[in-house]
Amino acid sequence: MACMKLGSKSEIFYLYGQSWLCSTGLPSDVIIEIGEASFHLHKFPLISRSKELERFMKDLPSDNEKSVLELHDLPGGAKAFLLVARFCYGVKMELTPSNVVPLRCAAEYLQMTEDYGEGNLIIQTENFLNHIFGYWTDTLKALKTCEGVLPLAEELHITSRCIHSLVLKAADPTLAILPLSGPSSVQSPEDSEMWNGISTSLTSKETGEDWWFEDVSSLSLPLYKRFMQGGIARHMKPRRVSGSLVYYAKKNIPSLSSYQNGNSSKSNLSEADQRNLIEEIVELLPNEKGITPTKFLLKCLRTAMALYASSSCCASLEKRIGFQLDEADLEDLLIPNIGYSMETIHDIDCVQRMLDHFMIVDHDDVDSASNNDIVEEERRVVANCQRLNPMTKVADLMDSYLAEVAPDVNLKLPKFQSLAAVIPDCARTLDDGIYRAIDIFLKSHAWMTESEKEQICRLMNCQKLSLEASTHAAQNERLPLRVVVQVLFFEQLKLRTSVAGWFFASDTLENPTTNLSGNLALTRTDGNNITHNNPVVAFDHMKDRVSELEKECLSMKQDLEKMMKSKGSWNMLLKKLGCRLLPKTSLPKVSKPCRKSKIAPASVNELEENAVVVS
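Keep in mind the model is a prediction, meaning the values are calculated, not measured.

(A) View of the overall build of the chain. The helix and strand inventory of the chain stands at 25 helices and 13 strands. Across the 615 residues in the chain, those meeting the buried criterion constitute 43%. Sequence separation of at least 24 residues holds for 71% of the intrachain contacts in the chain that already meet a minimum separation of 6. Accessible surface for the chain amounts to roughly 32,600 Å². Of this, 52% is attributable to carbon and sulfur atoms.

(B) Helix H21 (residues 467–474), seen in detail. Those residues of H21 lying buried are Ala469, Ser470, Ala473 and Ala474. Looking straight down H21, one finds that the buried residues subtend no more than 135° of arc, so they occupy a single side.

(C) Quick peek at the pairing of strand E5 (residues 37–41). With 5 of its 5 residues buried, E5 lies for the most part within the structure. Side chains of E5 alternate between two faces, with Ala37, Phe39 and Leu41 and Ser38 and His40 buried alike. In terms of strand pairing, strand E3 (residues 19–22) meets E5 through 2 bridges, oriented parallel. Bridged to Trp20 within E5 is Phe39. For strand E4 (residues 30–34) and E5, the ladder comprises 5 bridges, and the chain directions are antiparallel. Bridge assignment links Ile34 to a residue of E5, and that residue is Ala37. With antiparallel pairing between neighbouring strands as the criterion, E4 and E5 make up a hairpin whose turn holds 2 residues, including Gly35 at a positive phi of roughly 65°.

(D) Layout of the packing of aromatic side chains. Under the definition given, this model contains 8 aromatic pairs. Relative to Phe81, the ring of Phe39 lies with its centre 5.0 Å away and its plane at 70°, an arrangement referred to as edge-to-face. Note that Phe39 is positioned in strand E5 and Phe81 in helix H3 (residues 77–89), a separation of 42 residues in sequence. You'll find Phe39 and Phe81 in the same group, each marked buried. Summarising the aromatic geometry, the rings of Trp136 and Trp211 are spaced 4.8 Å apart at their centres and angled 65° between planes, so their arrangement reads as edge-to-face. Placement of Trp136 in helix H6 (residues 136–144) and of Trp211 in the loop between strand E9 (198–199) and helix H9 (213–216) is noted, with a sequence separation of 75 residues between them.

(E) Main features of the pairing of strand E6 (residues 67–70). The two faces of E6 differ: Ser67 and Leu69 on one face are buried, but Val68 and Glu70 on the other face are not. The pairing of E4 with E6 spans 4 bridges and is parallel. Bridged to Ile32 within E6 is Leu69.

(F) Seen up close, the pattern of salt bridges. For the coordinates displayed, the defined rule picks out 16 salt bridges. Measuring nitrogen to oxygen at the nearest pair gives 3.2 Å for the salt bridge that ties Arg86 to Glu11. With Arg86 in helix H3 and Glu11 in the loop between strand E1 (4–6) and strand E2 (13–16), this pair connects stretches of sequence that are 75 residues apart. Salt-bridge contacts for Arg226 lead to Glu154; the nearest nitrogen and oxygen are separated by 2.4 Å. Of this pair, Arg226 sits in helix H10 (residues 221–233) while Glu154 sits in helix H7 (residues 152–155); the two residues are 72 residues apart in sequence, bridging distant segments of the chain. Given the relative accessible area of 29%, Arg226 is considered partly exposed. Judged by relative accessible area, Glu154 falls into the partly exposed class, the value being 29%.

(G) The arrangement of unusual backbone geometry in detail. Backbone torsion omega between Leu150 and Pro151 reads 5°, so that peptide bond is classified as cis. The residue Pro151 is located in the loop between H6 and H7 in this model. Positioned with a positive phi, His235 is a non-glycine residue whose angle comes to about 60°. Assignment of secondary structure puts His235 in the loop between H10 and helix H11 (238–252). When its relative accessible area of 71% is taken as the criterion, His235 is described as exposed.

(H) A look at the packing of helix H12 (residues 271–284) against helix H14 (residues 311–323). Closest axis-to-axis distance for the H12/H14 pair is 10 Å, and the angle between their directions is 45°. By the angle class used here, H12 and H14 are oblique. Seen along the crossing, H12 lies across H14 with a hand that is left-handed. Contacts from Ile278, Glu279 and Val282 of H12 reach H14 at Cys313, Ser316, Leu317 and Arg320.

Rules used throughout
Residues numbered from 1 in each chain as written. Predicted model: local features only at pLDDT ≥ 70, side-chain atom pairs only at ≥ 80, totals over all residues. Heavy atoms only, no water. Helix = DSSP H or I, 4+ residues; strand = E, 2+ residues; numbered from the N terminus. Buried < 20%, exposed > 50% of the residue type's maximum accessible area, 1.4 Å probe, protein only. Contact = heavy atoms within 4.5 Å. Areas by Shrake-Rupley, 256 points an atom, 1.4 Å probe, with all protein chains shown as cover. Arc of directions from axis to C-beta. Pairing = 2+ DSSP bridges. Phe/Tyr/Trp six-rings, centres within 6.5 Å; stacked < 30°, edge-to-face > 60°. Salt bridge = Lys/Arg side-chain N within 4 Å of Asp/Glu carboxyl O. Axes fitted to C-alpha atoms, helices over the stretch in contact; angles between N-to-C directions. Parallel < 35°, antiparallel > 145°, perpendicular 65-115°, else oblique. Left-handed = near helix turned anticlockwise from the far one by under 90°.

Dropping the structure here:
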């Protein structure tokens with residue numbers, strides 16, 4: 001820490017109770033009272049250095065009794081005046097970053113200019129301030145003391161100069177050691193010498209981008225806000241701005257900290273101060289997408305709601321989260337409903353608004369890409385794949401969220417539908433997630449009518465259910481019968497299409513000269529493409545697949561028989577649903593294809609005769 005020594009005389013002041021006495025041997029002729037402290041001094045040393053004290057002394061009565069002068073408005077109070085008195089008497093004293101600002105303001109208040117002695121207190125404190133502005137730690141200490149001497153520190157531009165110095169060093173860490181101003185005779189820190197009584201021995205700072213986060217987090221909110229505004233004005237990197245804001249908020253608001261297992265300390269700030277802090281932090285956050293962690297934004301939103309922050313603050317957080325909703329976690333979205341209505345356990349309306357913001361941004365991205373005629377067709381295909389990835393993540397996230405909130409009996413059908421319907425059908429690769437959420441909702445709302453059940457089931461696409469989900473849906477008594485029939489029909493249709501494709505592949509293997517135009521790609525049920533460079537390997541895969549299809553067909557047949565037994569006559573069921581059943585024939589046994597035996601196309605037609613046709 002920099003230090004400047006002034007004066008040469010030994011200490012002559014001592015404290016007696018709350019009074020400072022002078023041991024010069026001469027009786028004091030003036031008493032200066034500041035707050036509860038009093039100073040028994042002599043007029044001449046004071047008026048020889050201060051224009052204001054000289055003016056005050058002239059107004060005092062000239063009787064034999066001691067004159068009493070009250071200076072309760074002196075910046076820095078009794079501590080600062082004790083240093084002023086030592087300076088006037090020439091007693092040894094030290095200027096440090098912790099006392100130079102109050103002393104500079106006190107000297108200005110008392111008008112201790114060069115007209116009242118060369119090297120007066122104003123010029124001495126100014127020189128020291130200009131020197132410490134070259135050092136990060138000393139400038140930070142000086143800035144913290146500015147709050148105690150406002151508004152005079154603002155009038156003298158001490159606060160703004162401290163903040164400007166800190167912003168420069170935060171923007172360029174190489175300036176955190178070297179002096180920015182001051183006499184050219186100041187020596188380097190390595191010399192560890194004294195310039196006019198100033199110690200220049202300092203330690204270096206780390207050069208990482210976050211090295212200053214901890215230091216500035218000790219500032220009060222008004223000073224910290226001005227520091228960050230200065231950094232933003234100097235085009236500090238948005239990621240560094242966001243990182244510092246997140247650090248500051250977590251340090252001062254325990255609910256935002258990650259350490260919640262009984263180790264988080266209680267904040268010294270009241271709820272009103274915490275609310276004000278969150279509103280200020282949100283206002284300073286960069287608008288760029290992906291700069292501020294989504295997890296922090298969601299915690300901040302939850303805390304803002306709990307502290308009843310302003311609606312504009314909560315709306316801004318919801319908008320920021322919506323822009324990067326694909327990075328959110330399910331547990332963070334489960335925000336408790338603390339509103340006045342509290343219809344549901346979780347705040348579903350808040351998630352709805354965040355989802356709407358995400359869809360608006362995603363739609364804008366799609367429009368901007370479609371309006372760009374310069375981009376080539378291949379680039380548009382790649383861009384569409386990249387855009388689908390965040391949308392797919394959000395679709396899975398919303399399906400999981402719906403499954404979590406579905407057990408709430410107070411959750412109404414329209415609210416469930418409005419949240420699920422925002423996600424487009426193309427965003428879901430499989431509808432297993434939305435089916436699970438619908439099933440949980442039906443289980444928790446057993447009083448729903450058949451019409452309402454059919455209405456909610458329209459949110460899922462029966463054609464995009466996996467085999468496991470289709471099997472579960474076919475045996476699910478909570479689903480409407482029409483939906484069960486649709487599930488079975490589409491599974492049968494998939495089976496018929498798959499068998500026809502394998503038969504066509506068999507014909508192709510027997511006639512390798514057939515021109516397929518390079519467009520035939522055989523796909524297994526697990527989604528992995530197989531390039532049939534080797535016909536023997538391809539034929540083995542085809543036999544395995546036909547065997548699997550036989551087992552699936554047998555399983556579906558057994559499911560149909562169970563439904564007929566448990567739910568009455570099959571014909572009556574189909575009449576109720578407006579369907580008709582083609583003449584029933586026994587399911588032919590599909591023999592394994594062979595190289596030398598060609599399966600007749602009629603086998604496929606026989607399978608089609610068993611299909612249920614929905615009118």
